[in-house]
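Chain and residue survey
What follows is each chain in one-letter form.
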Amino acid sequence: MMRHIDHEQLMNEDSFFRRNLVNCLSGYKSLNLIGTRNEHGKTNLAPFSQVFHIGAAPPLVGILFRPHTVKRDTLENILQSKYFTLNHVTPEMYRQAHWTAANWEESEFEGTGLTEEFKVDFFAPFVKGSPVQLGCSLVETQTLQINQTVLLIGSIDQIFVEEKGLRADGSLDLNILETVTVSGLDEYHVGEKLGRLAYPKPGIEPAEI
């Protein structure tokens, strides 16, 4: 039996219930730790599930930030320095990744025990042990008028990926890399591969590849 909730009912629900429900509606989401550094050299690390592909030529990634009405270290560090990193989370670090969302006085690296890693003279810190690490630079930002959410678009300038998960055609085997995903605000998962299918064509049932 399915429960029906229309817009008016949803808006009349308890705010805690509404927040949890709406955050789960899109299903499983990518999970990345975003590493930044401010002008004084202090590093910052925060978990984000609103990271998505924008384009491949040039390689671009998008991130949604909640309205910039209060201090947001990650967004402010990117706006100031123009650089950030995206780091996949593994089962061994998902608790620490979640913990980085706490309001730390010191760097989240220090507070949670995750290790910062600097590579190829890139300004922002990577997360040591992450199987996929991206070094990105700021391209543009837009504030969405509907709810003041900030859309940030970044250029993918540096890619580090564990060889075992990189296929010959350029795709990633996220099962082998053990990339963790998230649903809602606080539930973490490791994906289970169902299959990989050939390019779809009319009248031809997709075949396993």
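Everything in this summary refers to the structure shown in the same document. The model shown is predicted, which means the values in this text are computed figures rather than measured ones.

Some words on the packing of aromatic side chains
Under the defined criterion, the tally for this structure stands at six aromatic pairs. Between F122 and F126, the ring centres sit 5.7 Å apart and the planes meet at 45 degrees, which makes this aromatic pair tilted. Using a relative accessible area of 0% as the deciding quantity, one classes F126 as buried. When the ring of F126 is compared with that of F160, the centres are 5.5 Å apart and the planes differ by 80 degrees; the resulting orientation is edge-to-face. Of the two residues, F126 is situated in strand β8 (residues 126-127) and F160 in strand β10 (residues 150-161); the sequence distance between them amounts to 34 residues. Among the aromatic residues, ring-to-ring pairing joins Y83, F122, F126 and F160 into one connected group. The aromatic ring of F123 is capped on one face by R37, whose charged end is 4.1 Å from the ring centroid.

Section: the pattern of salt bridges
Within this structure, the stated rule accounts for seven salt bridges. Of the charged contacts in the structure, one is a salt bridge between D73 and K71, with a shortest N-O distance of 3.0 Å. Owing to a relative accessible area of 62%, K71 belongs among the exposed residues under this scheme. Across the salt bridge formed by K119 and E117, the nearest N and O atoms sit 3.9 Å from each other. Here E117 falls in the partly exposed class, since its relative accessible area comes to 21%. If you follow the salt bridges from partner to partner, you end up with K71, D73 and E76 in one network.

Remarks on the nonpolar core
If you look at the biggest cluster of nonpolar residues, it comprises 17 residues, and the most contacted ones within it are I34, F48, I63, F65, F84, L86 and L152. Ignoring anything within four residues of it in the chain, the contact list for I63 reads I34, F48, Q50, V51, F52, F84, L86, V150, L151 and L152. Within the second largest apolar cluster, 12 residues are counted, among which are L31, L45, F109 and Y188.

Regarding the side chain of T85
Inspection of the secondary structure puts T85 in strand β6 (residues 83-88). Side-chain polar atoms of T85 contact the side chain of N87, separated by 2.9 Å. Every residue in contact with T85, bar those within four places of it in the chain, is listed here: L33, I34, G35, F122, A124, P125, F126, L134 and G135.

What about the pairing of strand β11 (residues 180-183)?
Side chains V180 and V182 project from β11 onto one buried face, and the interleaved T181 and S183 project onto a second face that is buried too. Bridge count for strand β1 (residues 29-30) against β11 is two bridges, and the pairing is antiparallel. Pairing of S30 across the sheet is with T181, part of β11. Pairing between β11 and strand β12 (residues 187-190): four bridges, direction antiparallel. Each residue of the ladder has a partner; that of S183, found in β12, is E187. Counted along the chain from β11 to the antiparallel partner β12, the turn is three residues long, and its residue G184 has a positive phi close to 60 degrees.

The rules behind these values
Residues numbered from 1 in each chain as written. Predicted model: local features only at pLDDT ≥ 70, side-chain atom pairs only at ≥ 80, totals over all residues. Heavy atoms only, no water. Phe/Tyr/Trp six-rings, centres within 6.5 Å; stacked < 30°, edge-to-face > 60°. Buried < 20%, exposed > 50% of the residue type's maximum accessible area, 1.4 Å probe, protein only. Helix = DSSP H or I, 4+ residues; strand = E, 2+ residues; numbered from the N terminus. Lys NZ or Arg CZ within 6 Å of the ring centre and 35° of its normal. Salt bridge = Lys/Arg side-chain N within 4 Å of Asp/Glu carboxyl O. Core = buried A, V, L, I, M, F, W, Y, C linked by side-chain atoms within 4.5 Å. Contact = heavy atoms within 4.5 Å. Polar contact = N/O pair within 3.5 Å; in protein donor to acceptor, adjacent residues only side chain to side chain. Pairing = 2+ DSSP bridges.

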